[in-house]
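The chain contents come next:
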Amino acid sequence: MTEETADVHLGSDEIPEEDLQLAYGGRNRGEEFVAASKHKTTFKPWHHPVKQIVRDRQWAALTRRLIEDRAQPRPSLRYFTLPGPDLLDIRVLADICEPLNVQIEYFGFDVGQEITDDAGGSFAGEWINAESALRQAGRISADALILPDRLEDIAAENSQASAQLRQRPTFDVINIDACDHLAYLPKGRTHNTFDALGALLRHQMASRTPWLLFITTRAQPDLLGKPGIQFQNAITQNLALPGGFGEALAGSLEADIAKLGSALAAIWGANDERFLKLYCIGLGKFLLQFFHMQPNLPANVELASCYAYKVYSDSADMLAMAFRITPDPPRVFAPGIGGAAVVSNLEPVRAIRVAAQARKLQNLDDALENEADVRAEAIAGTEALLGAANYDLDGWRNWLADHERRPMTVEA
């Protein structure tokens, strides 16, 4: 971390407003969304307070801004999700949508609906309870739908999941909260998570209003796979163009511009913060190139925020990235007798902004340890969220105290 970025903390006023304003406070999470006689006692990585920072400061705050900035208010938020049985992300977004008089019209997939837990209970039953309570509270629309398919199935043209996706309008927010990496290929499938992302991008080409793309994914050199090759190619292609992208990239990675090629080769194989920044830039560059190459439906891609934290190793190995996609006006070309139309190349300029924003990557583990206000808000938010989802909070505190990667002591 450079001296310039070392003083930028999650609670600092130096963080641009869109990177995010505090989204804590003013909540009514005391409602009992799920009524059950037995508290749940099995905890997952996303039940750690570190995940609450992502939910609040990234998902909730940026979604609120998107709704508030709409040119024409709408009564619903069209949301693509991979929710899990407790619908935790939907609960968080419902908290910010309710005071804005907006219902959530969600669509997504949860293969866990067909799974039973160790005690023989049904995850589908938990999901039905959670959804029923949200419906009764008027927080979700009648068109909300979760299917028991895999995300990756939408990349298969003749699949039920793909057919269902084609029937939906474009989304305001897409949240790919992946437990694994983008190159992950589920057993028995022929398409990976990155292929599914491509299907969603093609679906979103018809959007004429700004929308958000949240991607949470494992990020390690040995997990790059074919997506990593596309990220690397997208960066290399821009380095061959004038306009300053190379300088911005070198600055973000703290590399010598004269030796940038060799530096990139080394960073792509390193498990460190520079690799995580390069991953954000590579994915951002890929998205920029995708939308820039649409002849009549181009769009700008901005990296709104990027966080890192550890889940599977002793250093940060999970990235939570937020991209804001803003469609450009449709391109209209004058009549002619053929040949290629000349399209203004804004992509290198926009790529510079992605590289500059990746420089602000923030380590959430450091924030939890060193920023008391962030820690307190993350704990309080997680307690309220899990309590509403009928989890045993004493058991959760014990689980946190014995956590393998990030133990925390939380007073009752």
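Heads up: these notes are all about the structure in this document. Note that the structure is a prediction, hence the values are computed from the model and not measured.

Rules behind the numbers
Residues numbered from 1 in each chain as written. Predicted model: local features only at pLDDT ≥ 70, side-chain atom pairs only at ≥ 80, totals over all residues. Heavy atoms only, no water. Pairing = 2+ DSSP bridges. Helix = DSSP H or I, 4+ residues; strand = E, 2+ residues; numbered from the N terminus. Salt bridge = Lys/Arg side-chain N within 4 Å of Asp/Glu carboxyl O. Buried < 20%, exposed > 50% of the residue type's maximum accessible area, 1.4 Å probe, protein only. Expected span 1.5 Å × (residues − 1). Bend = angle between axes of the 7 residues up to and from the residue. Right-handed = clockwise from strand over helix to strand, strands pointing away.

**Details of the sheet that holds strand E5 (residues 211-218)**
Ordered in space as E3-E2-E1-E4-E5-E7-E6-E8, the 8 strands form an open sheet in which the pairing is mixed. Edge positions in the sheet fall to strand E3 (145-147) and strand E8 (362-363), since each of these pairs with one other strand and no more. Here 3 bridges tie strand E2 (residues 103-109) to E3, and the two strands are oriented parallel to one another. If you follow Gly-108 over to E3, its bridge partner there is Ile-146.

**A short note on the pattern of salt bridges**
In the structure shown here, the tally under the stated rule is 19 salt bridges. Of the charged contacts, one joins Asp-172 and Arg-74 as a salt bridge, the two residues approaching to 2.5 Å between their closest N and O atoms. Separated by 98 residues along the polypeptide, Asp-172 in the loop between helix H6 (160-166) and strand E4 (173-177) and Arg-74 in the loop between helix H3 (49-68) and strand E1 (76-81) bring together distant segments of the chain. Taking the relative accessible area as the measure of exposure, Asp-172 reaches 3% and is therefore buried.

**Considering H3**
The first and last C-alpha atoms of H3 sit 27 Å apart over 20 residues, in line with the 28 Å expected at 1.5 Å per residue. Its maximal kink placed at Arg-55, H3 deviates by approximately 30°. Of all 20 residues making up H3, 17 are buried, and the element is well covered by its neighbours.

**So, helix H4 (residues 88-97)**
Of all 10 residues making up H4, 10 are buried, and the element is well covered by its neighbours. Restricting attention to buried positions, one finds in H4 the residues Leu-88, Asp-89, Ile-90, Arg-91, Val-92, Leu-93, Ala-94, Asp-95, Ile-96 and Cys-97.

**Quick word on the pairing of E1**
Both faces of the sheet carry side chains from a regular strand, because those side chains alternate between them. Counting buried residues in E1 gives 6 out of 6 residues, a clear majority hidden from the surface. Strand direction decides the pairing type here: E1 and E2, joined by 6 bridges, are parallel. Pairing of Thr-81 across the sheet is with Gly-108, part of E2. Crossover handedness for the path E1 to H4 to E2: right-handed. Bridging between E1 and E4 involves 2 bridges; their strand directions are parallel. What sits directly across from Phe-80, in E4, is Ile-174.

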